Amino acid sequence: MKATFLASVGIAAATAVALTGCSGGESGGGGGGSEAASCTNTVVNAEAPQVTVWAWYPGFDQVVDTFNNANDDVQICWTNAGQGNDEYTKFSTSIESGSGAPDVIQLESEVLSSFTIRDALVDLTEFGANDVEGDYAEGAWEDASSGDAVYAIPVDGGPMGMLYRQDIFDAAGIEVPTTWEEFEAAAQTLKDSGDGAVMADFPTNGRAFNQALFAQAGSVPFEYDSANPQEIGITVNDDGAKKVLEYWEGLVKDGLVATDDAFTADYNTKLVDGSYAVYLAAAWGPGYLQGLSDADPTAVWRAAPLPQWDAANPVQVNWGGSTFAVTEQASDKELAAKVAMGIFGNEEGMNLGVDAGALFPSYAPVLESDEFATKEYEFFGGQQINKDVFLDAAAGYEGATFSPFQNYAYDQLTVQIYAMVQGEKDASQALDDLQASLEQYATEQGFTLT
Amino acid sequence: MATTTAPTSSHRAEAHQQVKHRPDRNYRRRQRWGWLFVAPFALIFLTFLVLPLVFAFRMSLFTSTLATGDRFVGFANYAKAFTDPLFLDGLLTVAKFGLIMIPAQMIVALIAALVLDNLATWASKFSRLMIFIPYAVPVVIGALMWGFLYSPRFGPASTVFALFGAEAPNFLAQDSIFGSLVNIVTWQWAGYYMIIIYAALRGIDPGIYEAAVLDGASDRQIATRIKVPMISSSLVMVVIFALIGTLQFFTEPQVLRGVAQGAIPTDYTPNMYAFSLAFSYSQFNYASAISFALGIVVFVFSFFFLFLTRKQSGLK
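Keep in mind it's a predicted model, so treat the numbers as computed, not measured. (Residues numbered from 1 in each chain as written. Chains lettered and ligands numbered in written order. Predicted model: local features only at pLDDT ≥ 70, side-chain atom pairs only at ≥ 80, totals over all residues.)

**Q** So what exactly am I meant to see when it comes to the overall build of chain A here?
**A** Within chain A one finds 18 helices and 14 strands. Over its C-alpha atoms chain A spans a radius of gyration of 24 Å, differing by no more than 12% from the 22 Å that the globule rule assigns to 450 residues. With respect to the three principal axes, the spread of C-alpha positions in chain A is 90 × 50 × 45 Å. Of all 450 residues assigned to chain A, the portion counted as buried reaches 50%. Counting contacts in chain A only where the partners sit at least 6 residues apart, residues at least 24 apart contribute 74% of the total. (Helix = DSSP H or I, 4+ residues; strand = E, 2+ residues; numbered from the N terminus. Rg over C-alpha atoms; globule rule 2.2 N^0.38 Å. Buried ≥ 20, exposed ≤ 12 C-beta atoms within 10 Å, placed from the backbone. Contact = placed C-beta atoms within 7 Å.)

Structure (structure tokens):
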């Protein structure tokens, strides 16, 4: 009897093994990749070792195909694991579990230190990253490195500018504002004209957008260096941040700007249907606008530099921008580093990114090319927006430092700005409370405040 | 005395064992087959429920901070959880939801079931299906759909209110989000509870109604004095389902947060708090502790409720 029982269990176990073995065999076509994952793209050279890549760039399939056709010794196996936080959540879980991360991953520069502190990213200096430093815009390179270490290769940036509706401005008799003072006056004029549009939106969940506006008035929220990972300086309530938030608090109170949540369906529609006269945007904004439906067909869009606090001393800021990093789970880190540097690190790849993905390149040979500067955008009535606005903005950007718990910091920023908009506290109090909550969090997490 | 009784009793025990020996072996043999049939379930149950639970519990006994790494701390995470204002606020929020949402679902489900039980036309079958349909919609899809219905721009509210020259309320604002969520949950679950109650009503012997009519009872009296008391055990079950569901409130607010990030913070309910701790802030250890702490609360509430209603539910 016992024998029969064991035999039955044995058969069941054998069947289970056979089933798993079968499914494993189907996907295990890769060569040297750390994960035998299924690729979104078709691998051209099945013999060559594969490097898995997570990225969400628009039109990235074309870039991958170009890379794979041009390289015999390595092939990209690409997966779109979600955009922004969706991808980071998956990456974070695979760091915790110790497996499942790709070899190369697209990360926004603001989250790099959140992952370096968990020892999830490879310092690329030992794989020749310093040799290509000269190929990239200075601010972007600064954002991707910490001290002497380089944790990612910059891909695209988000220098900020102001996209505005010329038709709405003309109807209300508004000149394009160059300072925030003029911006406020223009907002008042627009409101008085009874047009129904408001000047702009100040989303409480703007996250990096809000932080970029603070930075323009000199706010330096964090001081952090991956070389001393246990020390952090937090000053999210400095004078620069307070000055900016008090300004917007005034606009909100006077009903001159909206406070709709960003990146919702409502917001997307309002951006293009004439609800807002101005879209304070990063260089990827024009691409974002063009992808939205329900656009007002009579809209006349133009781009101008971001308004300044002091017109004589303009300060340029950045919103977003992403990089390629190599994960610690990569089986062949050198090969992965080569891919991270190679995907957009040549004119062909980067030009494809510019054309198909509307990226604002960090790769200098494309960034500094005449072709890019004089590119005419039909959406803006043929305006050369790079030359007029974004190239200057990018050139003036000096980089920023983010905290190793940036997601938490942004969530708390949203909580505080929302409370301010609800009238529960004023701007200064909101930022002081933010400072207190971040200090407490950092201490709980074992950091020493400097 | 002792010398004479001792052998007798041991002898008796031996004899007793001998008698029992045969059926015992048979019994064990059958047991083995039983285990084999249970094995597929047991394997999956162990792999996907028990092991993760044990693993999560082990995780909850450690602490891991961004700057300092792993450390065993025993039950310190639990002490922290039950004094964490964010967790306690979340519990308060779901308690408020429970107070409003459970009665709302119960009343809708009970009235619908009683009415349908009295109807015998084709309309009854059709209405039953219509009331049940929201439950067939996946929760995430339902919440997304309501997100659009609540949207000031895409939703019908602005059009409807404009007919009367009024301005539509913002369903996603801080002070209205509570009611908006109650509405989604009631819409989704009332139909399911209705089916449970309806099935219980169909199980009542119709002879009782005839007797009641002969005694001069009205339809309303039959409903409140006969039907409701007779299905009380089903009602208790429905409340337990609703209670557990409410304490673990997660999907609807998490989905709606996509369009109302200000009104629904990441720590709105205990489950959302655990989720964001783990997956947004990579505090897996503390998130495990929060999850277990919530589990304890759910257990205590359910146990307490079952104890209070032991008479109605037939447990006593």
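**Q** Quick question: what am I supposed to make of the overall build of chain B here?
**A** Across its full length, chain B holds 14 helices and 2 strands. Compactness check: chain B gives a C-alpha radius of gyration of 27 Å against a globular reference of 20 Å for 316 residues, more than 25% above the reference. Judged by the C-alpha coordinates and their principal axes, chain B covers about 105 × 80 × 35 Å. Here chain B, with 316 residues, has 30% of them falling under the buried criterion. Sequence separation of at least 24 residues holds for 68% of the intrachain contacts in chain B that already meet a minimum separation of 6.

**Q** Please clarify how the domain arrangement of chain A should be interpreted in this entry.
**A** Interface size is commonly expressed as the accessible surface area that is lost when the partners come together. All names here are of chain A. Domain boundaries in chain A define domain 1 (19–157 + 320–373) and domain 2 (158–319 + 379–449). Here the C-alpha centroids of domain 1 and domain 2 sit 29 Å apart. The interface of domain 1 with domain 2 comprises 22 residues on the first partner and 31 residues on the second. Put simply, the parts of the chain that give the side of domain 1 that touches domain 2 at least two residues each are helix H4 (112–116), helix H5 (138–144), strand S6 (153–165), strand S13 (318–326) and helix H15 (370–373). Split into classes, the residues belonging to the side of domain 1 that touches domain 2 amount to 9 nonpolar, 9 polar and 4 charged. (Domains from an automatic or database assignment. Nonpolar A, V, L, I, M, F, W, Y, C, P; charged D, E, K, R; others polar.)

**Q** Help me understand the interface of chain A and chain B, please; the structure alone is not making it clear to me.
**A** Counting residues at the interface gives 31 residues for chain A and 25 residues for chain B. Elements with a contribution of two residues or more to the side of chain A that touches chain B: helix H1 (2–27), helix H3 (85–97), helix H10 (265–272) and helix H17 (406–421) of chain A. Looking at the side of chain A that touches chain B, the element that brings in the most residues is H17 of chain A, giving 6 residues. Class assignment for the residues of the side of chain A that touches chain B results in 12 nonpolar, 14 polar and 5 charged.

**Q** Could you clarify how one ought to interpret the domain arrangement of chain B in this entry?
**A** Residue and element names in this part refer to chain B. Under the domain assignment, chain B is made up of domain 1 (15–60) and domain 2 (78–313). Distance from the C-alpha centre of domain 1 to the C-alpha centre of domain 2: 37 Å. Contacts between domain 1 and domain 2 engage 4 residues on the former and 6 residues on the latter.

**Q** How should I be thinking about the packing of helix H2 (residues 60–70) of chain A against helix H13 (residues 347–357) of chain A in this particular structure?
**A** For any two helices packed against each other, the geometry is given by the interaxial angle and the distance between the axes. Residues and elements named next belong to chain A. Close contact between H2 and H13 brings their axes to 9 Å; oriented N to C, the two are set at 160 degrees. In terms of orientation, H2 lies roughly antiparallel with respect to H13. With respect to the hand of their crossing, H2 and H13 are arranged in right-handed fashion. When H2 is examined against H13, the residues Phe60, Gln62, Val63, Thr66 and Phe67 are found in contact with a partner set consisting of Glu348, Gly349, Leu352, Gly353, Ala356 and Gly357. Class assignment for the residues of the contact of H2 with H13 results in 5 nonpolar, 5 polar and 1 charged. (Axes fitted to C-alpha atoms, helices over the stretch in contact; angles between N-to-C directions. Parallel < 35°, antiparallel > 145°, perpendicular 65-115°, else oblique. Left-handed = near helix turned anticlockwise from the far one by under 90°.)

**Q** Sorry, what's going on with the confidence of the model for chain B here?
**A** Regions with low pLDDT should not have their predicted coordinates read in detail. Chain-level statistics for chain B give a pLDDT mean of 88 and a share of 92% at 70 or above. Low pLDDT, under 50, characterises residues 1–10 of chain B; the stretch is placed with 0 contacts to residues that sit more than four places away or in other chains. (pLDDT = per-residue confidence, 0-100.)

**Q** Before we go on, may I ask you to explain the sheet that holds strand S9 (residues 231–234) of chain A in this structure?
**A** Hydrogen bonds between backbone groups are what pair the strands of a sheet, and the pairing can be parallel or antiparallel. All names here are of chain A. Sheet architecture is open: 3 strands sit in the order S8-S9-S14, paired in mixed fashion. Since the sheet does not close on itself, it has two edges, and those belong to strand S8 (222–224) and strand S14 (448–449), each with one partner. Sheet contacts for helix H18 (residues 427–444): S9 and S14; angle to S9, the most-contacted strand, approximately 175 degrees. (Pairing = 2+ DSSP bridges.)

**Q** Explanation requested: H2 of chain A in the structure shown.
**A** In an α-helix, one full turn covers 3.6 residues, which means residues spaced three or four apart are oriented alike. Residues and elements named next belong to chain A. The complete set of buried residues in H2 reads Phe60, Val63, Val64, Phe67 and Asn68. Each buried residue of H2 lies within a common arc of 130 degrees when the element is viewed along its axis, so the set occupies one face. Exposed residues lying more than 90 degrees from the buried face of H2 are Asn69 and Ala70. Each element contacted by the buried residues of H2 is listed here: strand S2 (75–79), helix H12 (333–342) and H13. (Arc of directions from axis to C-beta.)

**Q** Help me understand the pairing of S13 of chain A in this model?
**A** It is a general feature of regular strands that their side chains alternate between the two faces of the sheet. Residues and elements named next belong to chain A. With respect to burial, S13 is a largely interior element, 9 of its 9 residues being buried. Pairing of strand S3 (residues 104–108) with S13 involves 5 bridges; the strand directions are antiparallel. Looking at the pairing, Glu108 lines up with Ser322 of S13.

**Q** I keep staring at helix H13 (residues 284–308) of chain B and nothing clicks. Help me out?
**A** Compared with an ideal rise of 1.5 Å per residue, which puts 25 residues at 36 Å, H13 of chain B spans 36 Å between its outermost C-alpha atoms and is within 8% of the ideal. Listed as buried for H13 of chain B are Phe284, Asn285, Tyr286, Ala287, Ser288, Ala289, Ile290, Ser291, Phe292, Ala293 and Leu294 of chain B. (Expected span 1.5 Å × (residues − 1).)

**Q** Would you explain the packing of helix H9 (residues 239–253) of chain A against H18 of chain A in this entry?
**A** All names here are of chain A. At a minimum axis separation of 8 Å, H9 and H18 run at an interaxial angle of 135 degrees. It follows that H9 is oblique to H18 by the angle criterion. In this structure, the crossing between H9 and H18 has a hand that is right-handed. In this structure, H9 uses Ala241, Lys242, Leu245, Glu246 and Glu249 to contact H18, whose residues at the interface are Ala427, Ser428, Ala430 and Leu431.

**Q** Just to check I follow, could you spell out the confidence of the model for chain A for this structure?
**A** All names here are of chain A. With 92% of its residues at a pLDDT of at least 70, chain A reaches an overall mean of 88. By mean pLDDT, the top-scoring element of chain A is H9 (97), and the lowest-scoring one is H1 (40). Taken together, the stretch residues 1–36 has pLDDT below 50 and engages in 33 contacts with residues farther than four places along the chain or on a different chain.

**Q** Can you walk me through unusual backbone geometry in this structure?
**A** Trans is the prevailing form of peptide bonds, just as negative phi is the prevailing case for residues other than glycine. All names here are of chain A. Despite not being glycine, Asp119 shows a phi value in the positive range, around 55 degrees. Residue classification places Asp119 among the exposed residues on the basis of 11 C-beta atoms within 10 Å. For Arg207, which is not glycine, the phi torsion reads 50 degrees and is therefore positive.

**Q** Help me understand the pairing of strand S11 (residues 278–282) of chain A in this model?
**A** All names here are of chain A. For S11, the tally of buried residues reaches 5 of 5 residues, placing the bulk of the element in the interior. The sheet contact formed by S6 and S11 spans 5 bridges and is antiparallel. What sits directly across from Gly161, in S11, is Ala281.

**Q** Mind showing me how you'd approach the environment of Thr159 of chain B here?
**A** Mapped onto the fold, Thr159 of chain B is located in helix H6 (residues 157–163). Along the primary structure Thr159 of chain B and Ser282 of chain B are separated by 123 residues, whereas in three dimensions their C-alpha atoms are 44 Å apart.

**Q** Whenever I open this one, the environment of Phe372 of chain A confuses me. Can you help?
**A** Residue and element names in this part refer to chain A. Mapped onto the elements, Phe372 comes out in helix H15. Judged by C-beta crowding, with 20 C-beta atoms within 10 Å, Phe372 ranks as buried. A C-alpha to C-alpha distance of 33 Å links Phe372 and Ala187, two positions 185 residues apart in sequence.

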